[in-house]
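Okay, here's what each chain looks like letter by letter:
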Amino acid sequence: SMMTARFFNYCDGFIVMSKTVENDLLKIEPDPKYRKTPHPIYDVFGKSIEKKKAKEMINVSEENIILNFGLIRDYKGLDILIESAKTLKENLKNFKILVVGECYGNENDYIQLAIANDVSDVIDFRFKFVSNEKVNQYFSAADLVVLPYKSATQSGIIPIAYHFNKPVVVSNVGGLPEIVEDGKSGFVCEPNPDSIAEGVLKYFESDMASYPSFIADYKKQFSWGNFAKVVLELAQS
């Protein structure tokens, strides 16, 4: 837009966090001074809690916990996840999909979609804001974080999952696949119910113990130190 282009005239340099945003920048600025570096990992959400204890704290008892976390907006594809639950129900035992976050739309639409798909029994909707101190309870209780976005530039939720060494299932949109090592830190799927269900089932059928140690090492590139180094390099260039 005109406003963006005008604002960019006052910028000395740019930091982009994904290829999508890099492409957007290059459309507006022909020769910008910029660096690309992934979204760093937040460390404000406390330490991991032992899984059994975390489950007690948030009152879930199923063996397999799938977490969908963050502000709920249309583009984040909660409807896709709800529809994928039908396939999951046929193939996965003793699981619960935990949907946690404020809803910026009609909560009832999602509840009705779950009823229509006959999956209300496997989805626990918690349409509420979670304070920073309690975020660790949800991520520590989860086995897997699922983000079936329909569009995205980058995600602040993947870094939180990685902070707790949790694997992710994400859609192949925007910058999301750039920060997921397919089959190792999670799975990259298409934004449709069949593909998302397939990614979730692949995880539960694989060696689930292999992901945390891989993520612990993989996430070093998302450190604040690394981010600061890139920003300084840009400032001094």
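Residues numbered from 1 in each chain as written. Predicted model: local features only at pLDDT ≥ 70, side-chain atom pairs only at ≥ 80, totals over all residues. Heavy atoms only, no water.

## Considerations on the packing of helix H4 (residues 78-91) against helix H8 (residues 193-205)
Then, number 1: H8 packs onto H4 with a crossing angle of 50° between their chain directions and a minimal axis gap of 8 Å. As judged from the angle between their axes, H4 and H8 are oblique. Here the hand of the crossing between H4 and H8 comes out right-handed. Across the interface between the two elements, Ile 80, Leu 81, Glu 83, Ser 84, Thr 87, Leu 88 and Asn 91 from H4 touch Pro 193, Asp 194, Ile 196, Ala 197, Val 200 and Leu 201 from H8.
Then, number 2: The residue makeup of the contact of H4 with H8, split by class, is eight nonpolar, three polar and two charged. (Axes fitted to C-alpha atoms, helices over the stretch in contact; angles between N-to-C directions. Helix = DSSP H or I, 4+ residues; strand = E, 2+ residues; numbered from the N terminus. Parallel < 35°, antiparallel > 145°, perpendicular 65-115°, else oblique. Left-handed = near helix turned anticlockwise from the far one by under 90°. Contact = heavy atoms within 4.5 Å. Nonpolar A, V, L, I, M, F, W, Y, C, P; charged D, E, K, R; others polar.)

## Brief notes about the side chain of Lys 55
Then, number 1: Structurally, the position occupied by Lys 55 is in helix H3 (residues 51-58).
Then, number 2: When sequence neighbours within four positions are dropped, the list of residues in contact with Lys 55 reads Val 60, Glu 62, Glu 63, Ile 65 and Ala 141.

## Structural notes on the sheet that holds strand S4 (residues 95-100)
Then, number 1: With parallel pairing, the six strands of this open sheet are ordered in space as S5-S4-S3-S6-S7-S8. The sheet terminates laterally at strand S5 (123-126) and strand S8 (186-189), the two strands that pair on one side only. Mean inter-strand twist for the sheet, computed between neighbouring axes without regard to direction, equals 20°.
Then, number 2: Direction of pairing for strand S3 (residues 64-69) relative to strand S6 (residues 144-147): parallel, over a ladder of two bridges. What sits directly across from Ile 66, in S6, is Leu 144. (Pairing = 2+ DSSP bridges.)

## Things to note about the pairing of S5
Working note: regular strand, side chains alternate between the two faces of the sheet.
Then, number 1: With four bridges joining them, S4 and S5 adopt parallel strand pairing. Counterpart to Val 100 in the pairing with S5 is Arg 126.
Then, number 2: At this point the chain moves from S4, through helix H5 (residues 107-116), to the parallel S5, and the crossover so formed is right-handed. (Right-handed = clockwise from strand over helix to strand, strands pointing away.)

## Here we look at helix H10 (residues 224-236)
Then, number 1: The end-to-end C-alpha distance of H10, which contains 13 residues, comes to 18 Å, matching closely the 18 Å that a straight helix rising 1.5 Å per residue would cover.
Then, number 2: Buried residues of H10: Phe 227, Val 230 and Leu 234, and no others. For H10, the angular spread of buried residues about the axis comes to 65°, placing them on one side. Exposed residues on H10 whose side chains face more than 90 degrees from its buried face are Lys 229, Ala 235 and Gln 236.
Then, number 3: Those residues of H10 that are buried are in contact with strand S1 (14-16) and strand S2 (34-36). (Expected span 1.5 Å × (residues − 1). Buried < 20%, exposed > 50% of the residue type's maximum accessible area, 1.4 Å probe, protein only. Arc of directions from axis to C-beta.)

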